[in-house]
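Each chain is listed here by its residues.
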Amino acid sequence: MSHELLPYTVKAHPVTGMYSGKLGTWLFLASEVMLFGALFSSYILLRIGNPGVFDHHVTGLNVWIGLINTFVLIVSSVCMVLAWARLHEQDLPGCRKYLAWTLVCAVFFLVVKFIFEYKYKWDHGTYPSTNPFYACYFTMTGLHALHIVGGIVVIGYFLGPGSRLYHTNPEYYTNRIECTGLYWHFVDIVWIFLFPVLYLL
Amino acid sequence: MEAAHHVDVKAHVRKYMIVFAALTAGTILTVAASWLPVSFTGHVVIALLIALVKGTLVAAFFMHLVSERKALYSILILTVGFFFVLLALPSFMHGEMASHPQIHVAPGVAPPAHDDHGGGHGSAEHATDGAAEKGGS
């Protein structure tokens, strides 16, 4: 079994006090903070250099769409953590139900983003090259959307074929769901900051 | 032992629901606060403070940071420190920006279209009247 080749996938490492997957996920998220931090930094720099262009009265992004998507991501985060909680009660069907809801929320977020925002903007001739605000907007929300797509792939895997692991090693599966959850909550946190920065300020 | 474990999970779920309610309230509050008649700086401070509280709630409870090992805190404190250094970089370059104002809207590029389907924000509609028709990049 592959998990026997990797040490500390279930039990905590004596030095770090946590299983290796969790430490690895947190280190990955730390690098992600730097990635988005660079984008937020660029946003501030461009905003200072372009007074007026970034004003939300001028950009005219639809706040309600952003608000709906924020709520959807919050719901997805709750579903994700509840999926993990179900595993602690040895309830795999319950876990899969919440994973499925997380997936539904993620797909809904992307559909709203692409149809009601990106497509609408492209149809009206608004592209990243339109002005520095839209360069930031498409880059930051696009990268965030890519993270959502990544989350969909991983959650979809653990909802489908990956869930077989539960029958052979439930603790390992629970830990994998926890790591997936860490990633998903991080994606939620990024949006929590993107929403006011891009839509309200 | 099993019963105690069950109670523990249920207590966690109750906590998640409280956090969910707080996040929803925070989101509504963020939008409501954007209509307050305060300065731009005031808007920035309010919006980022609410976002910070919401982000902290997600990290603390959904990501279980409240019950994590101290070794993890040192990694995260280092990350947050570098994150703020990144955010502070533009302020060091502010003077440079003033003397080299190349980063501006490209000449001949029209302002962007705004979403007028199903809402908007305050006076956005008026601010960009006519811009949508021009479009183009």
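Residues numbered from 1 in each chain as written. Chains lettered and ligands numbered in written order. Predicted model: local features only at pLDDT ≥ 70, side-chain atom pairs only at ≥ 80, totals over all residues.

Draft legend 1. Geometry of helix H5 (residues 92-123) of chain A. Residues and elements named next belong to chain A. In a regular helix each residue adds 1.5 Å, so 32 residues correspond to 46 Å; H5 covers 44 Å between its end C-alpha atoms and thus fits that length. The largest bend along H5 measures about 30° and falls at Phe114. Among the residues of H5, those classed as buried are Cys95, Tyr98, Leu99, Thr102, Cys105, Ala106, Phe109, Glu117 and Lys121. Against helix H4 (63-87), helix H6 (132-159) and helix H8 (170-200) lie the buried residues of H5. Phi for Gly125, located one or two positions after H5, is positive at around 70°. (Helix = DSSP H or I, 4+ residues; strand = E, 2+ residues; numbered from the N terminus. Expected span 1.5 Å × (residues − 1). Bend = angle between axes of the 7 residues up to and from the residue. Buried ≥ 20, exposed ≤ 12 C-beta atoms within 10 Å, placed from the backbone. Contact = placed C-beta atoms within 7 Å.)

Draft legend 2. Representation of the nonpolar core in the model. Within the largest apolar cluster, 73 residues are counted, with the highest numbers of intra-cluster contacts made by Cys79, Ala83 and Leu198 of chain A. Looking at this core, the elements with two or more residues in it are helix H2 (20-49), H4, H5, H6 and H8 of chain A together with helix H1 (2-33) and helix H2 (40-62) of chain B. Discounting chain neighbours no more than four positions away, the residues touching Cys79 of chain A are Tyr98, Trp101, Thr102 and Cys105 of chain A. (Core = buried A, V, L, I, M, F, W, Y, C linked by C-beta atoms within 7 Å.)

Draft legend 3. Seen up close, the packing of H4 of chain A against H5 of chain A. Residue and element names in this part refer to chain A. Packing of H4 against H5 brings their axes to within 8 Å, and their N-to-C directions diverge by 165°. Taken together, H4 and H5 sit at an angle that is classed as roughly antiparallel. The hand of the H4/H5 crossing is left-handed. (Axes fitted to C-alpha atoms, helices over the stretch in contact; angles between N-to-C directions. Parallel < 35°, antiparallel > 145°, perpendicular 65-115°, else oblique. Left-handed = near helix turned anticlockwise from the far one by under 90°.)

Draft legend 4. A look at the packing of H6 of chain A against H8 of chain A. All names here are of chain A. One way to put it is that H6 packs onto H8 with a least axis distance of 10 Å and a crossing angle of 160°. Our classification of the angle between H6 and H8 gives roughly antiparallel. The two elements H6 and H8 meet at a crossing, and its hand is left-handed. For the pair H6 and H8, the contacting residues are Tyr137, Met140, Thr141, His144, His147, Ile148, Gly151, Val154, Ile155 and Phe158 in the first and Arg176, Ile177, Thr180, Tyr183, Trp184, Val187, Val190, Trp191, Leu194 and Leu198 in the second. Here the contact of H6 with H8 is composed, by residue class, of 14 nonpolar, 5 polar and 1 charged. (Nonpolar A, V, L, I, M, F, W, Y, C, P; charged D, E, K, R; others polar.)

Draft legend 5. Molecular detail of the confidence of the model for chain B. Residue and element names in this part refer to chain B. Of all residues in chain B, 63% have pLDDT values of 70 or greater, and the mean over the chain is 75. Mean pLDDT values for the elements of chain B range from 36 in helix H6 (residues 131-134) up to 95 in H2. Note on residues 118-137: pLDDT under 50 across the span, and 48 contacts to partners over four residues away in sequence or across chains. The ipTM assigned to the predicted complex is 0.92, against a pTM of 0.85. (pLDDT = per-residue confidence, 0-100.)

Draft legend 6. Looking closely at the confidence of the model for chain A. Taken over all residues, the pLDDT of chain A has a mean of 92, while the share at 70 or more is 98%. By mean pLDDT, helix H1 (residues 2-5) of chain A is the weakest element of chain A at 58, and H6 of chain A is the strongest at 97.

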